[in-house]
Amino acid sequence: MATYSSRIETAPAARWSWGSGIVTRERVAPLVAGAVLLIIWEIWVRATLPDFVARPSGIILAIPSTMASGEFWSDVGATLGAIMEGVAIGSAAGILVGVAMGRVREIDWFFSTYIRALYALPLIALVPIVILWVGYQPAARLIIVVISVFLPVAVTTADGTRAISKDYLDVGKMFGARTHNVWFGIALPSATPFIVAGIELGFARGITNAIAVEILASVNGMGMSVFTKSNELNENASLVYVLALAIFAVGVRSLMIRFRHWLAPWYHR
Amino acid sequence: MTTDRREESFETRLARFRIVNAWWIRLACYALSIVLLLGAWQALGHSFGILFVPFTTTMSRLWEMLQSGPLLPGLVVSGKLYGVTLAINIVLGVTVGLLLARIKLIAAAFEPYIYILYATPTISLVPFVSVMFGFEFGSRVLVSVLISIFPILIGVTEGARSIPRQHLDVAAIFGSSEGQLWRDVIVPYVMPYAMSGIKQSIALSMVGTLVAEFFLNPDGVAAVLLQGTTIVDSGWVLAVTIFICAIAVVLVGIGELIERYLVRWRHTAVG
């Protein structure tokens, strides 16, 4: 059964192979579909569009030269470093505020107006005002990533810690739990799946918004290079960066799912 | 009686006070948070100069921009893109979602790529889209839809897949045709999933609209926002940001109303 559940999470297509009996056909289907898509893309670009437009063969040929350049790795370091830093700060702040909101109604009421308003707002709309305040600097990217992660983590943590079972609280009280025991000993662990889901969402938004800030504020990084390479008519190199971003995003996603299973094995959605 | 009161701990009395006066405390919390923020904004605004204008200046600025200025024309442009995006999300998301759930081979073939496309930050695809399809309305719609379609599509697929086997069996026993099966079993069952996808799409289409307008030759409200950054006018930028935030809150509120309506419908349908 363990293999079953992990297969559902990592490879959605494999779901159909289970119990339907025709394993081979549905394993081969994505490979065929992928090959067909790539061939259509290749032929279409060769036939109708100028030579600089990215196509699969060009992207593959561009991978070694792009990855050999120091610029690529400094871009990767800058963008992913900022995202990691932002996720760390945003999650920590979000968990603290979220627990307080979840456990104390008054704190929830106090913050809810702003957290709701900001949560509804597409955060990309905050980029111009942040650029105006901190300038065309990497700090703008960090601030936006922190906000992108803070909001979903605060909201999910508040939801998770608010909805803890009364039985846990009663047992805690019986054993003389104090407020901080209830917050960090009972509420926080039982809200783990919620918190991880919030971090997961924040991660995805953080990646997107980090790239958005890089482009709008001309901050060096992977997102900036996607656009500059494209403007230099080096479309294939631009797509190599996109590929790297996609691998990072997909990798983060599957890592977070594993992380959730490891942290909260009792909880399967 | 009085001895009883004295024996109660401070915590018990506090707890009772919080329950008895919950309504007033709640109101006070909302009021306090708004007063504190606006007060801080006003005070800071007077000390930071042009980089951070006070709340009152921002509001009068917003009023000016609404009366005569680029904001309302920009809103019309953005509103059109938003409407088209949302419509495509609903129609295409539900159709493709149902197809993926019903035709297993297509699902097996394309699902990995749908998930990869969903995880990839769509902004990074903007240069590629613009080279392939240009900077016109069609490209904007494509970018906007790529950002906002997946929750509804995936939600509908998962919903249709979770239809209990028995429902389909009963329909088969009573000799339902494919058309009847869809009308009587699949569509009613999937409706709540579709509605909750639509709720998410209402919020996400806004993100898609802004991204498409920011990164494919600025246009609409996003262009108005960027204009303020270029001329370093914080009153302008703050006014437009608050304007967008107000619209976002209203749209998300509409989405929540739809969901609340849906939950009620679900209760009556089940119970």
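Residues numbered from 1 in each chain as written. Chains lettered and ligands numbered in written order. Predicted model: local features only at pLDDT ≥ 70, side-chain atom pairs only at ≥ 80, totals over all residues.

A. Highlighting the overall build of chain A. Along chain A, the regular secondary structure elements total twelve helices and zero strands. Going residue by residue from the N terminus, the α and β elements of chain A occur as α-α-α-α-α-α-α-α-α-α-α-α. Burial statistics for chain A: of 269 residues in total, 42% are counted as buried. (Helix = DSSP H or I, 4+ residues; strand = E, 2+ residues; numbered from the N terminus. Buried ≥ 20, exposed ≤ 12 C-beta atoms within 10 Å, placed from the backbone.)

B. Structural context of the overall build of chain B. Regarding its fold elements, chain B presents 13 helices and zero strands. The order of helices and strands in chain B, counted from the N terminus, is α-α-α-α-α-α-α-α-α-α-α-α-α. Radius of gyration (C-alpha) of chain B: 26 Å, far over the 18 Å computed for a compact globule of 271 residues. Projected onto its principal axes, the C-alpha positions of chain B cover 75 × 70 × 30 Å. (Rg over C-alpha atoms; globule rule 2.2 N^0.38 Å.)

C. Just the nonpolar core, in detail. Grouped together as the largest cluster of nonpolar side chains are 129 residues, with contacts concentrated most on Ile144 of chain A together with Val211 of chain B. At 16 residues, helix H11 (residues 178–215) of chain B tops the list of elements feeding residues into this core. If sequence neighbours within four positions are ignored, isoleucine 144 of chain A has contacts with Leu123, Leu126, Val127, Val130, Asn209, Ala210 and Val213 of chain A. (Core = buried A, V, L, I, M, F, W, Y, C linked by C-beta atoms within 7 Å. Contact = placed C-beta atoms within 7 Å.)

D. Region of interest: the domain arrangement of chain B. Per the domain assignment, the segments of chain B are domain 1 (2–49) and domain 2 (60–270). A separation of 39 Å is found between the C-alpha centroids of domain 1 of chain B and domain 2 of chain B. (Domains from an automatic or database assignment.)

E. Inspection of the packing of helix H5 (residues 71–102) of chain B against helix H9 (residues 150–161) of chain B at higher detail. Residues and elements named next belong to chain B. Contact geometry of H5 with H9 gives a least axis separation of 7 Å together with a crossing angle of 35 degrees. Crossing geometry of H5 relative to H9 is assigned as right-handed. Residues Asn89, Ile90, Gly93, Val94, Val96, Gly97, Leu98, Leu100, Ala101 and Arg102 of H5 lie in contact with H9, whose contacting residues are Ile152, Leu153, Val156, Thr157, Ala160 and Arg161. Taken together, the residues of the contact of H5 with H9 sort by class into ten nonpolar, four polar and two charged. (Axes fitted to C-alpha atoms, helices over the stretch in contact; angles between N-to-C directions. Left-handed = near helix turned anticlockwise from the far one by under 90°. Nonpolar A, V, L, I, M, F, W, Y, C, P; charged D, E, K, R; others polar.)

F. Spotlight on the interface of chain A and chain B. Of the residues lining the interface, 48 residues belong to chain A; the matching set on chain B comes to 51 residues. Only helix H2 (23–48), helix H5 (105–120), helix H6 (127–134), helix H10 (192–217), helix H11 (222–231) and helix H12 (235–263) of chain A provide two or more residues apiece to the side of chain A that touches chain B. For the side of chain A that touches chain B, the element with the highest residue contribution is H12 of chain A, accounting for nine residues. Broken down by class, the residue content of the side of chain A that touches chain B amounts to 38 nonpolar, six polar and four charged.

G. Layout of the environment of tryptophan 183 of chain A. All names here are of chain A. Position of tryptophan 183 relative to the elements: it lies in helix H9 (residues 179–190). Spatially, the C-alpha atoms of tryptophan 183 and threonine 161 are 8.1 Å apart, while their sequence positions differ by 22 residues. Here tryptophan 183 is in contact with Val99, Arg103 and Leu188, once residues within four sequence places are set aside.

H. Main features of unusual backbone geometry. One non-glycine residue, serine 218 of chain A, lies in the positive phi region at around 50 degrees. Even without glycine at this site, valine 232 of chain B takes up a positive phi of about 45 degrees. Position of valine 232 of chain B relative to the elements: it lies in the loop between helix H12 (220–230) and helix H13 (234–270). Exposure remark for valine 232 of chain B: the 11 C-beta atoms within 10 Å place this residue in the exposed category.

I. Representation of the confidence of the model for chain B in the model. Put simply, chain B has an average pLDDT of 86, and 94% of its residues get 70 or more. Ranking the helices and strands of chain B by mean pLDDT puts helix H8 (residues 137–148) of chain B first, with 94, and helix H1 (residues 2–7) of chain B last, with 57. (pLDDT = per-residue confidence, 0-100.)

J. Structural detail: the domain arrangement of chain A. We note that the domain assignment places domain 1 (2–49) and domain 2 (57–263) within chain A. Placing a centre on the C-alpha atoms of domain 1 of chain A and another on those of domain 2 of chain A gives a separation of 29 Å.

K. The arrangement of H11 of chain A in detail. In terms of residue burial, H11 of chain A counts as a mostly covered element, since eight of its ten residues are buried. Lining the buried residues of H11 of chain A we find helix H4 (70–103), H10 and H12 of chain A together with helix H7 (126–133) of chain B. After H11 of chain A finishes, the residue leucine 233 of chain A shows a positive phi value of roughly 60 degrees.

L. Broad picture of the packing of H11 of chain B against H12 of chain B. Residues and elements named next belong to chain B. For the pair H11 and H12, the least separation of the axes is 7 Å and the interaxial angle reads 55 degrees. Looking at the two axes, H11 sits oblique to H12. Note on packing geometry: the crossing formed by H11 with H12 is right-handed. Residues Leu210, Glu213 and Phe214 of H11 form the contact with H12, whose own contacting residues are Gly220, Val221, Ala222 and Ala223. Class assignment for the residues of the contact of H11 with H12 results in five nonpolar, one polar and one charged. (Parallel < 35°, antiparallel > 145°, perpendicular 65-115°, else oblique.)

M. Region of interest: the confidence of the model for chain A. Per-residue pLDDT for chain A has a mean of 86; in total, 90% of the residues score no lower than 70. Note that residues 1–19 of chain A has pLDDT below 50 and, in this model, 21 contacts with residues that lie over four places away or in other chains.

N. Geometry of the environment of alanine 22 of chain B. Looking at where alanine 22 of chain B falls in the secondary structure, it is placed in helix H3 (residues 22–48). For the pair alanine 22 of chain B and threonine 57 of chain B, spaced 35 residues apart in sequence, the C-alpha separation works out to 35 Å.

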